[in-house]
Every structure is written in C-alpha cells, then in structure tokens.
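# Structure at a glance
If you want the building blocks of each chain, they are given just below.
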Amino acid sequence: MDNNLSGEDNDSIDWDTEDELEIQEIPEATFSSCTNLRNVGNYTVSGDGEASSSSVPCQSKFIQQFIVMGFPEESIAKAIEQNDSGENEGLVLDALLTFKALEDSPEEQPSTSAQMEPCISSDDSSSQYNESFLDDVYEEDSNWSSDSDNCINSAKQGYLKDKSTSLSENEQTLLFLANMGYPAEEASIAMERCGPQASLAELIDFMCAAQMAREEDAYLPEDVKPKLNNGGYKRKMYNEHCIRKKQRAITDEEPIHLPKHMIGFGVPTESVPGMVQRTVPEQAIGPPFFYYENVALAPKGVWDTMSRFLYDIEPEFVDSKYFCATARKRGYIHNLPIEGRFPLLPLPPRTIHEAFPLTKKWWPSWDTRTKLNCLQTSVGSARLADRIRKAMKAMENFDGEPPLMVQKYVLEECRKWNLLWVGRNKVAPLETDEFEMLLGFPRNHTRGGGISRTDRYKSLGNSFQVDTVAYHLSVLKDLYPNGINVLSLFSGIGGAEVALYRLGIPLNNVVSVEISEVNRNILRSWWEQTNQKGNLIDFNDVQQLNGDVLEQLIDSFGGFDLVIGGSPCNNLTGSNRVSRDGLEGKDSALFYDYVRIVDLVKSIMSNRRV
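Residues numbered from 1 in each chain as written. Predicted model: local features only at pLDDT ≥ 70, side-chain atom pairs only at ≥ 80, totals over all residues. Heavy atoms only, no water.

Below, the discussion takes up the sheet that holds strand 12 (residues 535-539). In spatial order, the strands read 6-7-5-13-10-11-12; together these seven strands make up an open sheet with mixed pairing. Two strands close off the open sheet at either side, each with one partner strand: strand 6 (316-319) and strand 12. Between one strand axis and the next, the sheet turns by 20° as a mean value, whatever way the strands run. Pairing of strand 5 (residues 289-295) with strand 7 (residues 329-334) involves five bridges; the strand directions are antiparallel. Paired with Tyr291 across the bridge in strand 7 is His334. The strands touched by helix 10 (residues 302-309) are strand 5, strand 6 and strand 7; relative to strand 7, the strand with the most contacts, the crossing angle is about 20°. Strands strand 11 (507-513) and strand 12 of the sheet are contacted by helix 19 (residues 517-529), whose axis makes an angle of about 175° with strand 12. (Pairing = 2+ DSSP bridges. Helix = DSSP H or I, 4+ residues; strand = E, 2+ residues; numbered from the N terminus. Axes fitted to C-alpha atoms, helices over the stretch in contact; angles between N-to-C directions. Contact = heavy atoms within 4.5 Å.)

Let us now look at the side chain of His445. Structurally, His445 can be placed in the loop between helix 14 (432-439) and helix 15 (453-461). Taking the relative accessible area as the measure of exposure, His445 reaches 5% and is therefore buried. With sequence-adjacent residues up to four places away left out, His445 is seen in contact with Glu436, Ile493, Val498, Ile522 and Trp526. (Buried < 20%, exposed > 50% of the residue type's maximum accessible area, 1.4 Å probe, protein only.)

Side chains Leu562 and Ile564 project from strand 13 (residues 562-565) onto one buried face, and the interleaved Val563 and Gly565 project onto a second face that is buried too. For strand 5 and strand 13, the ladder comprises four bridges, and the chain directions are parallel. Residue pairing in the sheet places Phe290 in a bridge with Val563 of strand 13. Pairing of strand 10 (residues 484-489) with strand 13 involves four bridges; the strand directions are parallel. Bridge assignment links Leu489 to a residue of strand 13, and that residue is Gly565.

What follows is about the nonpolar core. Counting residues in hydrophobic clusters, the biggest one holds 98 residues, and the most contacted among them are Val410, Leu473, Leu476 and Leu562. Residue contributions to this core peak at seven residues, all from helix 13 (residues 404-417). Judged by nonpolar contacts, the second largest core, of 38 residues, contains Leu258, Phe317, Val511 and Val601. (Core = buried A, V, L, I, M, F, W, Y, C linked by side-chain atoms within 4.5 Å.)

In this fold, Asp561 is placed in the loop between helix 20 (547-557) and strand 13. Among the polar contacts made by the side chain of Asp561, one reaches the main-chain amide nitrogen of Asn485 at a distance of 2.8 Å. The contact partners of Asp561, leaving out residues within four places of it in the chain, are Pro288, Phe289, Tyr480, Gly483, Ile484 and Asn485. (Polar contact = N/O pair within 3.5 Å; in protein donor to acceptor, adjacent residues only side chain to side chain.)

Any two side chains of opposite charge can pair, given that their charged atoms come close. Considering all chains together, one arrives at 14 salt bridges under this definition. A salt bridge links Lys416 to Glu412; its shortest N-O distance comes to 3.2 Å. With Lys416 and Glu412 both in helix 13 and four residues apart, the pair spans about one turn of that helix. Given the relative accessible area of 13%, Lys416 is considered buried. In this structure, the salt-bridge partner of Asp467 is Arg502, at a minimum N-O distance of 3.9 Å. (Salt bridge = Lys/Arg side-chain N within 4 Å of Asp/Glu carboxyl O.)

Turning to the pairing of strand 6, a few remarks are in order. Residues Glu316 and Val318 line one face of strand 6 and the alternating positions Phe317 and Asp319 line the opposite face, and both faces are buried. For strand 6 and strand 7, the ladder comprises four bridges, and the chain directions are antiparallel. Residue pairing in the sheet places Glu316 in a bridge with Tyr332 of strand 7.

This is the structure:
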C-alpha cells in the first residue's frame, strides 16, 4: 500500500530529472591543423610536444595525465586530432593503446582507426542502487552464484587476448574498463589503490564507490564538508562507524520465518494441500471487515507485534508473482472470509514474455528470467542502459554467448532494475504505463494527476498490486451486492478502490486518508473518469480521525463495511539501512493509528447496534 510519507522500498531515492535528460551531453570541441601546430581544445600542442595555452601557463592536466602514463606527446596530440575527441579520456586512451600495439606488432594493421563511442563518466544507477530488490528475489534464482571473480578475470583475459597480445596486463585492464565506459583516469586510480592483484569486480566496485562519494559530496555546503586539518574527517568517520554498527545490529536480526512458497491461504494458480484451517477471534469477526498490508520481510518481531495488536490474527503472506509477471512479497492481516475467492478476469499476463511479447525476439538465451522483481519507486537510468549496451557491444567478436563475466554483470543490473531487452544488445527500463499494467491499474491511471514521470514512478512503487488484493476482497461481492462503504487509510493512488471497482462492487461512500496531494489528485481523477456514483471524502492525515470525526462520518452514512490500508514501511523495508527501526520508526509507527481507528470504528458501530 502507498507509503503515507515517502517511498515504500527506498526512501533515499528521488529522481530529479527524466531518464532522457540524465546523460550529460559532451561539449564539442573544434579542431584544426596547421603545418607545425595542432590545436587541441583551448591548448596548442606543437610538433615537438611543447604545450602552451592562453589560459594556463603549463601543459594541460588532460595531456599531462597521458605523459605520466608513458605515452609520447606527439602520439597524444595525434590521438586527440585523429579521433576528434576533445578531452575524452576514453577515446584518447584507446587510440594511444592502438598506436602502441601497432608499433609493437607492425604486421597487424587495422583497416580503420578505432572509433569508439563517448565514455560516460558516471553511472546514476550505481549511486542510486535500490537494495530492496533483494527482498523479492525469486526461488528460481536462488542458485545464482555471487562468487565470480575467477570467471570474471578469466573471461577478461580471453577477451583481451583477442584485442592485443602485445599489451601489458595493466594496459589490457585499462582498455577493457574503457570499453565498459569507465574513464581511463578513474580506472588508473582504482588499479593503483586496489593493488596489482585486484580483480575486475573489485576495481568496478572501487570506481562506483568513488562516484557515489563525489555525487554526495557535491550536494554538501562548503562549511559542512569534512576537513582533514580540523578533525572533521575523523568525526565523519566516527559517525559513519556508528551508523554501520547500527546497520549490522539490524541486519543481524532474523526476519520473520516466511513460507517458501508465499501463497497465503491459497492463490488461483496454486493448489493448497488440504483445507486451510483459520480461526478468527470472536471480537475480530466482521463486519466491519478490516484489511491491513505491509512488506513481508520486516525486522524480527514486527509481524508478531502487528498480529498481536490486530486481534492475534495470523498474517497471510502472498507473493504477487502468482498473480502477474512481477514479484511483490507482502503480508496481510485481515478478518475476511477465505472461502469462495475468485480472481479478476481477464487474467493478467503471468510471465515477462506474455506481458511484453515484442521482447522475446531480442531476449538472450542466457537471461533466464521469467518474472520481474518487485517494482520500486524508481527505475534504471538511461546511462545504465547505455553502459550495458557498451559492455555487450565489446563482446560482439565472441562466437555464441558472451563470457560469464559479462553475463553476470548484465544479469545483475537487469534484475536490480527490471530492465527489458528491446533491441540487439539493448535494454531499457519499464515505462510508467508498463508499471500500471503490471500492477493491475488502468492505462494512464497515474497520468490523471497531472504529475511528472518521476512522481508517477514513486506513486506506483508504493501501491497495491491490484489483482492480488482483489482476489482477497472478492468475497465481499456477494455480501454487498448493493454497494459498500469504505474507510481507506493511507490510500495512495487508490489500489483498494480500483480493486473493488473491477470486482463489480459499487462504491457508495469512500473516506480516503492520504497525506500526498499528488496521490489524492490521482484518486480523484480516477473517481471522476470512471463516473463513480458514490461520495469520495478526502482527509490528508490519519491523526485527524479522532472519535468525534469518526462518529460524524458513521452517523452520516450508517457506518463502514471495510477499513483497508497499509501504513508506511519506511522503517521496515530492507532497503532502509539507516533508520530501519521497525514499528518504533517515525513513519512506520503510524501502524498504531491504523489499529486505533479500527478499534474506534468497531466500538462506535457496536454501540450503534445496541
């Protein structure tokens, strides 16, 4: 269910720009040549290697970095001019390595000069890695090994052997990393810091960490950045140590034991062995019915506590992969009947290829995914997709499948970010309308709020999976043929309302409580576009619903038949490594407001019946 305050599975991620705008354009430089001079950007490099500039008194840092690496100044100037590359380290380094290879092996003459695409200096997805995909990894992927340094290095050696046998090992590694899109300067620093025995995976991790540190530091005001000479650096390191210690303490907690197959009390596609025995305490028997949802993989003891506060009802843990083509592991506590459930029709696509048939043409045989991981509040960047394309393109000389190290890298990123194959060696993130389809919402459901694509992703990532929830609520159709009154807490974009509507249950009165104005606008727009005949009443804070307000609402239309919602999971989800404080957290503590309101509604309605 929609988080009342912020993102469901990663409250630290917030895209500020559209994906198409994330790739920074590389400024063009104008090059010209004379008899004895070559103009490189703002610098003039003479034939004998001396550099001068009207703006700098000595050789440019750009040229100097290649001189330090041992390349002749004449070759540097030639590489810059030949490739029209300006100050793009990757292109210049590739050209210099090619010149060196030709000098060492003159019999191997290439037909044309190597002309590579511009390298990308950073990867947004690295700094904005949403770890909550780990919460929803599939059983079918559980044998996927994470220990692959040996196969990475062996595959790298096989690739580089074909490129140039005359290069040193360091130069080969630099060339390989450049082909993957990493700047030569960053690769050189990583190799120096990590040591000569470092694996390729270790080098990539080092560069990603450095990029993350730079991006975070860029947003810090100058007066709060750590200083080496005033103890600020030590204080920062101490604070980080305390945070890591707290994270380890939380991570070490065992989550609640979840069933291997999360089918709850039954799903349409899986048979439940024997008759499920479920007892509901007498004081919890509806109406009014209540239905509460939250992330399944919460810290130890959380679900026990929530169950205890909700009449000791046993949670029902369900993964939406049994209903659609994407996983979404959630727990539900409710007092609804479980006999006579039925799914929404038509049944949604159950696999990736059923949902996106055009991708089948481009899907590689070594990508064995049949389901997507949990949809989050953000998607992979265009920069990440371009980096994967470069990694795949670098492997085109191989016959058959790419090496294991490339497969592992690509599969890992595809799983993290739910990337689809949309062309030859080309992947792309899901679009907002594809999110809507997978989650069971009508096309352009979130567009009705007049919001940006960034906000649409965030709202969808926090929502119900409609088909899953509708299956549980389907038992209400025969109980309320003339319509239902709903108290919808933490409504989000209206997943519960859409589920009831698609089940054919008239919505007589809906009291929606949602703090996000964006989400309230989306629900209101859907309500109007579907010509609902009932009443939609908005509140923006659950704490506004005290006993007096609830009594007035109940008196106005005779009471509530269903109290539904899911409080924020910010402090529960595994992606939150900073404030994963369980139900004691600021946001997730709103669970107790859900309990308070359920108790008040039941008490008020019980008194009215007397």
